[in-house]
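Survey of secondary and tertiary structure
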Amino acid sequence: MIRITLAALMAGACTSTMTAEEADPDHLDWFSGCWRSLDGSTREIWSTSEDGHYFGYSVVLNAGKLVFFEQMRIDPADMPVFNAYPRGAGPSAFPAVAVTENSITFANPEHDFPQKIKYVREGDQLKAVISLIDDTRQGHFNYIACPTDEED
């Protein structure tokens with residue numbers, strides 16, 4: 001079973017689905033950066049676009065100890081492909097099925113769990129929902145930007 005801790009994209013702008021011809025290779029920069037769960041137990045970090053490629057990782061802590069990690073990569077394509085490497089194993093590929101200016105949904109109905117991953121940006125929050133393809137067994141992840149280290 002794969003646990004993926006991804007979240008959502010910026011809210012507000014256009015909500016119509018982009019076609020391949022309209023897609024900008026850097027159009028997912030809205031979720032780049034460091035994101036953490038409200039309780040601080042989960043952190044997800046994403047690079048900015050490297051010519052349409054995005055690289056990320058997620059860690060889950062319990063009592064300050066690492067209990068789960070995942071490496072992630074999004075490859076550019078007409079519809080981008082999310083690749084998950086939970087605990088370094090993989091990849092499990094999830095092609096995008098819907099893309100807007102503030103959200104992206106990936107799906108792989110052949111995968112055990114999750115089969116669908118959706119990120120949505122709402123203001124200063126990144127939200128993710130994982131589920132089966134029919135939207136059952138949902139897991140919700142709410143992230144805020146990681147605090148910046150102000151020490152020199």
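Relevant structure appears above.
Report on the accompanying structure. Everything numeric here is computed off the predicted structure, so don't read it as measured data.

1. Looking at the overall build of the protein
Helix and strand content of the protein: zero helices and 10 strands. Put simply, the protein runs from its N terminus to its C terminus through helices and strands in the order β-β-β-β-β-β-β-β-β-β. Residue burial in the protein is summarised as follows: out of 152 residues, 44% are buried. Long-range pairs, those at least 24 residues apart, make up 43% of the contacts in the protein between residues at least 6 apart in sequence.

2. Thoughts on the pairing of strand E9 (residues 125-131)
Where strand E8 (residues 116-122) meets E9, seven bridges bridge the pair, whose relative direction is antiparallel. Across the sheet, the residue bridging to valine 120 is lysine 127, located in E9. In this structure, E9 lies alongside strand E10 (residues 139-145), joined through six bridges in antiparallel fashion. Residue pairing for E10: lysine 127 is matched across the bridge by asparagine 142.

3. A few points about the side chain of asparagine 108
Counting through the fold element by element, asparagine 108 comes out in the loop between strand E7 (103-107) and E8. According to the relative accessible area criterion, asparagine 108 is buried, its value standing at 16%. Here the side chain of asparagine 108 touches alanine 93 through a polar contact of 2.8 Å, landing on its backbone oxygen. Setting aside chain neighbours within four positions, we find asparagine 108 in contact with Ala93, Phe94 and Gln115.

About the cut-offs
- Within every chain, residues take consecutive numbers counted from 1 along the sequence as written.
- The predicted nature of this model means local features are confined to residues of pLDDT at least 70 and side-chain atom pairs, given and counted, to a pLDDT of 80 or more, with totals for whole chains, interfaces and linings taken over all residues.
- Each side-chain value is derived from all of the structure's non-hydrogen atoms; neither hydrogens nor water enter the calculation.
- Elements are defined by DSSP. Helices are runs of H or I of four residues or more, strands are runs of E of two residues or more, and each kind is numbered from the N terminus.
- Burial here depends on accessible area, computed with a 1.4 Å probe over protein chains only, as a share of the maximum for the residue type. Under 20% is buried, over 50% is exposed, and the range in between is partly exposed.
- Should any heavy atoms of two residues lie within 4.5 Å, those residues are considered in contact.
- Strand pairing follows a simple DSSP-based rule, namely that at least 2 bridges must link the two strands.
- N or O atoms within 3.5 Å of each other form a polar contact, as long as, within protein, one can give a hydrogen and the other can take it, and as long as residues adjacent in sequence are counted only when both atoms are side-chain atoms.

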